[in-house]
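The chain contents come next:
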Amino acid sequence: YVVLMAAVLLAVGLDRLHADGLLQRRRWLTGLLAGLVVLSLVPDWPYAYERAHTPSYFTSSEVTRIPRDAVALTYPVPRFPSSEPMQWQALAGYRYRSVGGYLITPDEQGHGTFRGGKTTWERVTSQAAVGRGVQLFNPGTAMQLRVEMRRLGVRAILVADRRGSDAVIELVTMLLGRPGESRGGVTAWYV
């Protein structure tokens with residue numbers, strides 16, 4: 001909306017300048033305005049980017065083992081700044097629903113935030129990415145995860161090969177009592 005309004009104001013302003021004849025009498029003003037428009041089109045160079053890596057699991061037939069519209073827990077959790085799992089979900093044809101996402105949710109005071117509503121899964125697995133390891137030796141945490149999985153109706157757990165994924169794989173193996181199946185850059189459990 002801001003860009004749209006700026007464009008409307010620029011168009012109306014240029015139209016008024018043209019109608020008053022200022023653009024024809026002051027050619028330097030026309031040149032200056034044209035230069036500013038061209039300058040605004042020059043990109044911020046070089047672009048800062050991070051290459052998105054999509055495990056082949058999400059574009060293969062293997063993803064069809066997840067029941068359509070089922071909830072899947074992913075590692076990493078799709079949350080700023082790690083939005084890759086949302087791309088994987090899109091490439092999988094939105095076959096599954098994901099917990100988390102790059103969106104605005106209300107915090108405890110009702111104000112919008114990008115950091116609200118963390119699940120037990122996210123709190124526990126976020127330790128792996130920063131190198132602290134995953135602590136599931138606490139039976140209370142294991143019970144919280146199982147209750148959360150049941151409440152959310154989780155039907156799959158998908159752990160992509162990323163920093164900290166070994167600890168998360170160990171966590172889920174202990175939690176479910178069985179190893180996952182590794183294919184296409186993802187270790188998956190079907191619940």
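Preceding this paragraph is the structure being described.
Student: Explain the nonpolar core to me, and be specific about the residues and the numbers.
Tutor: Judged by nonpolar contacts, the single largest core of 21 residues is most densely connected at L73, W121, I157, V159, V168, L171 and V172. Of all elements in the fold, only strand 1 (70-75), helix 5 (120-129), helix 6 (139-152), strand 5 (154-160) and helix 7 (165-176) reach the threshold of two or more residues within this core. In contact with V159, other than residues within four places in its own chain, are Y75, S165, V168, I169, G185, V186, T187 and W189. Ranked by size, the runner-up nonpolar core spans 15 residues in total, among them A72, A156, A160 and V186.

Student: An account of a nonpolar patch on the surface is requested, with residue identities and associated values reported.
Tutor: A cluster of nonpolar residues, Y1, L4, M5, V8 and V12, forms a patch on the protein surface that exposes about 560 Å² of accessible area. Structurally, the position occupied by Y1 is in the segment before helix 1 (2-19). For Y1, a relative accessible area of 84% gives the class exposed.

Student: Please set out the packing of aromatic side chains residue by residue, giving values where relevant.
Tutor: Taken as a whole, this structure holds three aromatic pairs when the rule is applied. Ring geometry for Y57 against F58: centres 5.2 Å apart, planes inclined by 85°, an arrangement best described as edge-to-face. The two residues Y57 and F58 agree in class, both being buried. Consider the rings of F58 and Y96, whose centres lie 6.4 Å apart with planes at 45°: the pair is tilted. Here F58 is found in the loop between helix 3 (27-41) and strand 1, whereas its partner Y96 is found in strand 2 (residues 96-98), with 38 residues between them in sequence. Under the relative-accessibility criterion, F58 is labelled buried at 1%. Exposure remark for Y96: the relative accessible area of 1% places this residue in the buried category. Counting every residue linked through ring pairs, the aromatic cluster contains Y57, F58, W88 and Y96.

Student: Which residues make up the side chain of T74, and what are the values?
Tutor: With respect to the helices and strands, the residue T74 is situated in strand 1. At 3.0 Å, the side chain of T74 and the backbone oxygen of P76 are in polar contact. Discounting chain neighbours no more than four positions away, the residues touching T74 are P85, Y96, S98, W121 and L158.

Student: An account of the pairing of strand 5 is requested, with residue identities and associated values reported.
Tutor: Most of strand 5 sits inside the fold, with six of its seven residues counted as buried. Pairing analysis gives five bridges linking strand 1 to strand 5, with the strands arranged parallel. Counterpart to A72 in the pairing with strand 5 is A156.

Student: Got a sec to walk through helix 7? Specific residues and values, please.
Tutor: Its 12 residues place the ends of helix 7 16 Å apart at the C-alpha level, agreeing with the 16 Å of an ideal helix rising 1.5 Å per residue. Every buried residue of helix 7 is listed here: S165, V168, I169, L171, V172 and L175. Down the axis of helix 7, the buried side of the element spans an arc of 160°, and every buried residue falls inside it. In this fold, the buried residues of helix 7 make contact with strand 1, helix 5, helix 6, strand 5 and strand 7 (186-190). Phi turns positive, to about 75°, at G177, one or two residues after helix 7.

Quick notes on the rules
- Residues numbered from 1 in each chain as written.
- Predicted model: local features only at pLDDT ≥ 70, side-chain atom pairs only at ≥ 80, totals over all residues.
- Heavy atoms only, no water.
- Core = buried A, V, L, I, M, F, W, Y, C linked by side-chain atoms within 4.5 Å.
- Buried < 20%, exposed > 50% of the residue type's maximum accessible area, 1.4 Å probe, protein only.
- Helix = DSSP H or I, 4+ residues; strand = E, 2+ residues; numbered from the N terminus.
- Contact = heavy atoms within 4.5 Å.
- Patch = residues over 30% accessible without salt bridge, like charges linked within 9 Å, V, L, I, M, F, W, Y side chains within 5 Å.
- Areas by Shrake-Rupley, 256 points an atom, 1.4 Å probe, with all protein chains shown as cover.
- Salt bridge = Lys/Arg side-chain N within 4 Å of Asp/Glu carboxyl O.
- Phe/Tyr/Trp six-rings, centres within 6.5 Å; stacked < 30°, edge-to-face > 60°.
- Polar contact = N/O pair within 3.5 Å; in protein donor to acceptor, adjacent residues only side chain to side chain.
- Pairing = 2+ DSSP bridges.
- Expected span 1.5 Å × (residues − 1).
- Arc of directions from axis to C-beta.

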